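Analysis of the macromolecular model
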Amino acid sequence: MPTVKIPPVLRAQTGGEAEVKAEGATVGDALRSLADLHPDTESQLFSPDGELNRYVNVYLNDEDVRVLDGLDTTASEGDTVVILPAMAGGSTAL
Amino acid sequence: MATDTRASIEEIQPFEAQQEIEGGGVVLIDTREPHEYQEAHLEAGKLVPPGLLADEIEAAAPDKSARTILYCRSGSRSALAAAQMEALGYSDVASMEGGIIAWQEQGLPVVSAAGMTAEQRDRYSRHTLLPEVGPDGQIKLLNSKVLLLGAGGLGAPTALYLAAAGVGTIGLVDDDVVDASNLQRQVIHNTERIGMPKTESARLFIEALNPDVKVVEHNGRLDSSNILEIIGDYDIVVDGADNFPTRYLLNDASVRLRKPVVSASILGFDGQVSTFVPYEGPCYRCLYPTPPPAELAPSCSANGVLGVMAGTMGTLQANEVIKLVLGIGEPLVGRLLLYEALGTRFTELKVRRDPDCPICGENAPQVPESELGKFPDYEAFCSGTAAA
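First, a word on what this report is: a plain description of the structure on this page. (Residues numbered from 1 in each chain as written. Chains lettered and ligands numbered in written order. Predicted model: local features only at pLDDT ≥ 70, side-chain atom pairs only at ≥ 80, totals over all residues.)

Re the overall build of chain B
Threshold: For helices the rule is a DSSP run of H or I covering at least 4 residues; for strands it is a run of E covering at least 2, with both sets numbered from the N terminus onward. By the convention adopted here, residues are in contact when the distance between their C-beta atoms, placed from the backbone, does not exceed 7 Å.
Secondary structure summary: chain B contains 17 helices and 15 strands in total. Across chain B, the fraction of contacts at a sequence separation of at least 24, relative to all contacts at a separation of at least 6, is 68%.

Rendered as C-alpha cells:
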C-alpha cells in the first residue's frame, strides 16, 4: 500500500487530491490503481500500449524507477511513489 | 625589549619561509589584527591577533612540537609572539623577518582584498567574515558574470540577492514590459515602472541597490540565432524560463559551451530546482528527455502561482549560483529538490546522467565548430509536430 504523490498538473484529474493511497505490490500496480480510482489520469500516465509515457518520470522514494525495475519495482507500505512531469513555469516572456 | 627578544628567537627570510610552506608540515600564524588580515594575508596563514595569543594559539597550533612560522606586518609583532610561544612550550617556532611587507616586496603571493575599495570592504563585511567566503571569495563574486534568463517571477528574487551579494556582472534576458499583474511576485519591479521594459526596470533596481554591479540588458528573446553569443559571455546561467522550447534550447547550448545552469520552475504552490553542470552531472534532457504535451504543461498565467513561491525558489537559485562561484558546499548537481509550499515539505530526488542522452550521453554526436549555434526546431519538438 504505497502512497502516490500527485503532481499539481494532475490534481484536476484527482479531484484536487495531492496524495493517494494506492493498491498493489509494485510501482506499476500502484499507478494502475490510481488510474482505476481516477480514470482521467490514465491517458496522462500511460501510452495506449500500457507503457509509462516518456515525459512522466516516476520515482520510488528518491530513486528513479528507470534505474530500478521500472514498473515492476516492488513498492510496499511506507514507500512513496512520486510522479514527476516537467514544469516550465517562470518568466512568461522568453 | 624587541632587540633582546629578537636575539633569542629564530628569524627566517621570506624565501626560506616560502620553501618551508611549500614543503608542507608547517603551521603558519598571522599575528596581526583582523582588519589587517582581511586586507591581505598569506594563503595558509591562520589569524591569531597578538592580544589573543595566549587564548587562541592552541586551537590554531595544537601540536607544540610542530614547525610553526609566524608573520606580521614588518616582523616585530611576530618576533614577540614567537618568544611568547616558546615560553608556552612551543619548541620549533620561527618569525619571518620583514613580515608580509618583505614577502610582497619579493613578489610572493598573498590572498588580497586589494581589489576591494574601503566601501566594498564595509559593504561585504558580513560575507568576508565567513571563512567560506573571505575577501578572496568576495573578489570572485565581484569578478563573476551571471546571466538571468527572465527578469520575472524567478529572476526577480535571484537578481535581488545576486546584486546584493556583489555579483559583478548580471545579464538579463527578457522582452516583456512590467505589468500590474507581475507585482504580486516580481519584487524588483514597482508600480511606477508599469509599462517599462523589465530589463530596464531591473537595471534601475539593481543600480540603486548596489553600484558595484554592471547590468547588461538583453531586451529580447533568446533563440537559436543568438543563444551562443549571449550565454558565451557568462560564467553561469540561471534558468527561469516559462516554456519548454527555451529550456531545451538553453540546455543544449549550455552543454555545448559547458556552462552550468541553475534551473527552477514554479506552478501553483509547487516548485522544483536543480543545478546542471555539463558532464559532471546530468543535463536537463537526462531528467526530462521529452517535453510533456500542452495539457500537462500549464503556465502560471493560466494556472496561477503563489507569489512567495517565486521568492523561495528564486533565492534557492541565488544560493546555488553563489556556491558555484565560490566553489563551496554541495550544489544540487544530480539532485532535484521539490518544494511543496502548502505542506512546507522539501523532497529530494536523485537524477542520474543518462548514458543514452542525445546531448551529453556517451554516444551523443560531437558537434563540429561550424554546426555550433544550429539547433533543431524546438517549438515543433515541444508541440509534438517535429518530423522526427
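There's plenty left to go through after this.
Points about the sheet that holds strand β8 (residues 145–149) of chain B
All names here are of chain B. As a reminder of what qualifies: A pair of strands is treated as paired once DSSP finds two or more bridges between them. Only the contacting stretch of a helix is used when fitting its axis, a line to C-alpha atoms as for every element, and angles between N-to-C directions run 0 to 180 degrees.
With mixed pairing, eight strands are arranged side by side in an open sheet as β10-β9-β8-β11-β12-β13-β14-β15. On the outer flanks of this sheet lie β10 (214–218) and β15 (345–350), each paired with one strand and no other. With direction set aside, neighbouring strand axes in the sheet form an average angle of 15 degrees. Alignment of strand β12 (residues 261–267) against strand β13 (residues 270–276), held across seven bridges, turns out to be antiparallel. The residue bridging V262 from the neighbouring strand is T275, located in β13.

Focus on the nonpolar core
Residues and elements named next belong to chain B. Under the convention used in this document: Put simply, a nonpolar core is buried Ala, Val, Leu, Ile, Met, Phe, Trp, Tyr and Cys residues tied into one set by C-beta atoms within 7 Å. The burial label depends on the number of other C-beta atoms within 10 Å of a residue's C-beta. Counts of 20 or more mean buried, 12 or fewer mean exposed, and intermediate counts mean partly exposed, with C-beta atoms placed from the backbone.
The biggest cluster of nonpolar side chains holds 86 residues, and the ones touching the most others in it are V146, A159, I170 and V321. Setting aside anything within four residues of it in sequence, one finds V321 in contact with V146, L162, I236, V238 and V262. If you look at the next biggest cluster of nonpolar residues, it comprises 23 residues, including L28, I57, C72 and A81.

Section: the sheet that holds strand β1 (residues 10–12) of chain B
Paired through their backbone hydrogen bonds, the strands of a sheet run either parallel or antiparallel. Residues and elements named next belong to chain B. Read from one edge to the other, the open sheet built from five strands follows the order β1-β6-β5-β2-β4, with strand pairing classed as parallel. In the strand order of this sheet, the two ends are held by β1 and β4 (46–47), each with one partner. Note that strand β2 (residues 26–30) and strand β5 (residues 67–71) share five bridges and pair parallel. Opposite L28, over in β5, you have I69 as the bridge partner. Strands β1, β5 and β6 (93–96) of the sheet are contacted by helix α5 (residues 76–87), whose axis makes an angle of about 175 degrees with β6.

Focus on helix α13 (residues 244–257) of chain B
Residues and elements named next belong to chain B. Our working definition: For a helix, the expected span equals 1.5 Å multiplied by the number of residues minus one.
With 14 residues, α13 should cover 20 Å at 1.5 Å per step; its first-to-last C-alpha distance of 20 Å lies within 8% of that length. Of all 14 residues in α13, 13 are buried; the element is thus mostly enclosed. Just beyond α13, the residue with positive phi is R258, at close to 55 degrees.

Observations regarding the packing of helix α10 (residues 155–164) of chain B against helix α11 (residues 198–209) of chain B
Residue and element names in this part refer to chain B. The following threshold applies: The cut-offs work like this: below 35 degrees is roughly parallel, past 145 is roughly antiparallel, 65 to 115 is roughly perpendicular, and the gaps in between are oblique. Take the far helix as your reference; a near helix turned counterclockwise from it by less than a right angle gives a left-handed crossing, and one turned clockwise gives a right-handed crossing. Each residue is assigned to one class: nonpolar for Ala, Val, Leu, Ile, Met, Phe, Trp, Tyr, Cys and Pro, charged for Asp, Glu, Lys and Arg, and polar for all the others, Gly among them.
Where α10 meets α11, the closest approach of the two axes is 9 Å, and the angle between their N-to-C directions is 30 degrees. Relative to α11, α10 is oriented roughly parallel. Crossing angle aside, the handedness with which α10 passes α11 is right-handed. Residues A159, A163 and A164 of α10 lie in contact with α11, whose contacting residues are A202, I206 and L209. Grouping the amino acids of the contact of α10 with α11 by side-chain chemistry returns six nonpolar, no polar and no charged.

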